[in-house]
Amino acid sequence: MEQNKKYHIHVLSNSHWDREWYMSHEKYLSRLVILMDRLCEIMKTQPDYIFVMDGQYAMLEDYLVVRPEKTEDIRGWMKEGRLKVGPWYTQPLETLISGEAMIRNLQHGIAETEKLAPAMRLSYEIDEFGHASQTPQILQGFGIDGAIAWRGLPKNSDSAVKWVATDGSAVTLYYSNDGYGEATALPLCEEDYIETIDGDDIPRDGLRTRVEKLCKLREPNAKTSHLLWLNGIDHSWAQPDILSVIDRVNALYPDLDVRQDTPEGFTEAVLQDYAARKLTMTEVEGELMFTREDVLESTHSCHPVQKKANYDTETMLEHQLEPLCALAWLQGEAYPDWAVKRAWKYVLENHAHDSLGCTSVDEVYEEVMNRYRWAYSLAEQTLQESLRGL
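Anyway, here's the lowdown on the structure attached to this text. Everything numeric in this text was worked out from a predicted model, so none of it was measured. The written sequence of each chain sets the order in which its residues are numbered from 1. Only residues with pLDDT of 70 or above have their local features reported here, since the model is predicted, and side-chain atom pairs are shown and tallied only from 80 upward, although totals for entire chains, interfaces and linings are computed over all residues. Just so you know, side-chain values use all the structure's heavy atoms and leave hydrogens and water out.

Observations regarding the pairing of strand β10 (residues 226–231)
Looking along a regular strand, one sees side chains alternate from face to face of the sheet. To keep things clear, this is the line we draw: Only protein chains enter the calculation, and the probe is 1.4 Å; a residue is then buried if its accessible area is under 20% of its type maximum, exposed if over 50%, and partly exposed in between. Per the convention used, a helix needs a DSSP run of H or I reaching at least four residues, while a strand needs a run of E reaching at least two, with both numbered from the N terminus. Whether two strands pair depends on DSSP finding at least two bridges between them.
For β10, the buried fraction is high: 6 of the 6 residues fall into the buried class. Covered by surrounding structure in β10 are H226, L228 and L230 together with L227, W229 and N231, the residues of both alternating faces. Here strand β1 (residues 7–13) pairs with β10 via 6 bridges, running parallel. The residue of β10 that forms the bridge with H10 is L228.

With respect to the sheet that holds strand β5 (residues 146–149)
Quick note on the threshold: Helix axes are fitted only over the stretch in contact, all axes being lines through C-alpha atoms; the angle between N-to-C directions runs from 0 to 180 degrees.
Spatial ordering of the open sheet is given by β4-β5-β7-β6-β12, a layout of 5 strands whose pairing is mixed. Both edges of this open sheet fall to β4 (123–125) and β12 (283–285), since each of them pairs with a single strand only. Each strand axis lies, on average, 30° off the axis of its neighbour in the sheet, ignoring direction. Bridge count between β5 and strand β7 (residues 170–175): 4 bridges; the pairing is parallel. Within β7, the residue paired with A147 across the bridge is L173.

Some words on the environment of W229
Tracing the sequence through the fold places W229 in strand β10. A sequence separation of 138 residues divides W229 from Q91, and the C-alpha atoms of the two residues are 20 Å apart.

A look at the side chain of S98
Heads up, the condition is: In the analysis that follows, any N or O atom pair within 3.5 Å is treated as a polar contact, provided that within protein one partner can donate a hydrogen and the other can accept it, and provided that, for residues neighboring in sequence, both atoms belong to side chains. Any two residues whose heavy atoms approach within 4.5 Å at even a single point are treated as in contact.
With respect to the helices and strands, S98 occurs in the loop between β3 (83–84) and α4 (99–113). Judged by its relative accessible area of 19%, S98 falls in the buried class. Polar side-chain contacts of S98 include one of 3.0 Å to the backbone nitrogen of A101. Not counting residues up to four positions away in its chain, the partners in contact with S98 are E314 and E318.

Let's talk about the packing of aromatic side chains
Any two aromatic rings considered together are summarised by their centre-to-centre distance and by the angle between their planes. Note the threshold: Stacked, edge-to-face and tilted are the three classes for Phe, Tyr and Trp ring pairs, Trp counted by its six-membered ring, which pair at centre distances within 6.5 Å; planes under 30 degrees apart are stacked, over 60 edge-to-face, the rest tilted. Note on geometry: a ring has a charge over it if NZ (lysine) or CZ (arginine) is within 6 Å of the ring centre and within 35 degrees of the ring normal.
Tallied over the full model, the rule gives 6 aromatic pairs. Here the aromatic rings of W17 and Y28 are separated by 5.9 Å at their centres, their planes lie at 70°, and the arrangement is edge-to-face. Taken together, the residues span a long stretch of sequence, with W17 in the loop between β1 and α1 (25–45) and Y28 in helix α1 at a distance of 11 residues. Given a relative accessible area of 1%, Y28 falls into the buried group. Put simply, the rings of W17, W21, Y22 and Y28 pair up and form one aromatic cluster. Taking the ring centre of W237 as reference, the NZ or CZ of R31 above it sits at 4.1 Å.

Concerning unusual backbone geometry
Of the consecutive residues G86 and P87, the connecting peptide bond is found in the cis state with omega at 5°. Position of P87 among the secondary structure elements: in the loop between β3 and α4. Phi is positive for K278, close to 55°, though the residue is something other than glycine. Considering the arrangement of structural elements, one finds K278 in the loop between α8 (263–276) and β12.

Some words on the packing of α4 against helix α10 (residues 337–350)
How we decide: An angle below 35 degrees is read as roughly parallel, one above 145 as roughly antiparallel, one from 65 to 115 as roughly perpendicular, and any other as oblique.
It is the contact of α4 with α10, at a shortest axis distance of 10 Å, that shows an interaxial angle of 100°. Considering the angle they form, α4 stands roughly perpendicular to α10. Here E100, A101, R104, N105 and H108 of α4 lie close against α10, whose contacting residues are W344, K345 and L348.

A closer look at α8
Side chains three or four residues apart in an α-helix point the same way, a direct result of the helix having 3.6 residues per turn. Quick note on the threshold: For a helix, the expected span equals 1.5 Å multiplied by the number of residues minus one. It is the directions from the helix axis to the C-beta atoms whose arc is reported.
Along its 14 residues, α8 runs 20 Å from first to last C-alpha, staying within 8% of the 20 Å computed at 1.5 Å per residue. Taken as a whole, α8 has its buried residues at P263, F266, T267, A269, V270, D273 and Y274. With its buried residues spanning 160° around the axis, α8 presents them on a single face. Away from its buried face by more than 90 degrees, α8 exposes Q272, A275 and A276. Two residues or fewer past α8, K278 is found with a positive phi of approximately 55°.

This is the structure:
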């Protein structure tokens, strides 16, 4: 990496994937299949292309149910380090789920991902509505020592901080200071232009304008010369020409070193720069609840019926089903592993931030409540069978 550059830009190509939100899961699934089919073509034809699967396995799981024939291609790209998957199963609403549920989310996400290839050991949680005080402790328990996030920290926080949990465990939190997706659809066209869509003329910023805005966006918060550009937003397609765009930016701006990168590549470069320049990293402690959007502060209390269903189901699994199944196993009964995992999977699907946050359409609310019913019903029957064994 050239030392005479003013800034080193790390472009993370991604799509933030809500499994269900303003449409149902099945409607989003239709879009996901198109997204992933296009991505597979890009990965095949551009051997240097890198893509981040939003820090969660569920996105890939949903695709492989529809396209199992793509499994070996995807496994190969993951092993090459070009397709980054995990460590979460879903991006959960940390501040409403139990500590045990957060552990299960990571445990399930990593285990399922690593049936294909090593999981990404960095917590990419760009669209969380806040962060629990013990999240760094739980991440460290899985050997994860860094996280990339937007919400949670106050505006104008440093681009990298040391986040300390209540027990003293710490991870480095890399802060996307003004949302995410700021580098989505970067154009090859250098000058501002007009795009006509359905007869309407829409003014667009050209590449020069976009780059200048991006640098101004990131500069004020960065102690380091390494800046993050997020090339992708909610449900966006992978940009097929982003590598050509990056080449053009490098040609236009000699003081910039721009490259498509992985989250680990970006975070490692930041830490090395802090160490080389003997920079001090600001510490933040505990729960991080600066949502930056007033409406999201109400997600913890809206739809209380669903919130109670989550609490009741978590309590059933953690405090009744598993302890009593374990006791029965100690007395010689077979442990119902499949049923316990299936019940937990329903709950983990519901822990996705938009699902548990109740920020979604009514159809999603109904689907979420059905999953809680399925989990609770399966847990009840399995529990009764273990009690009979005892």
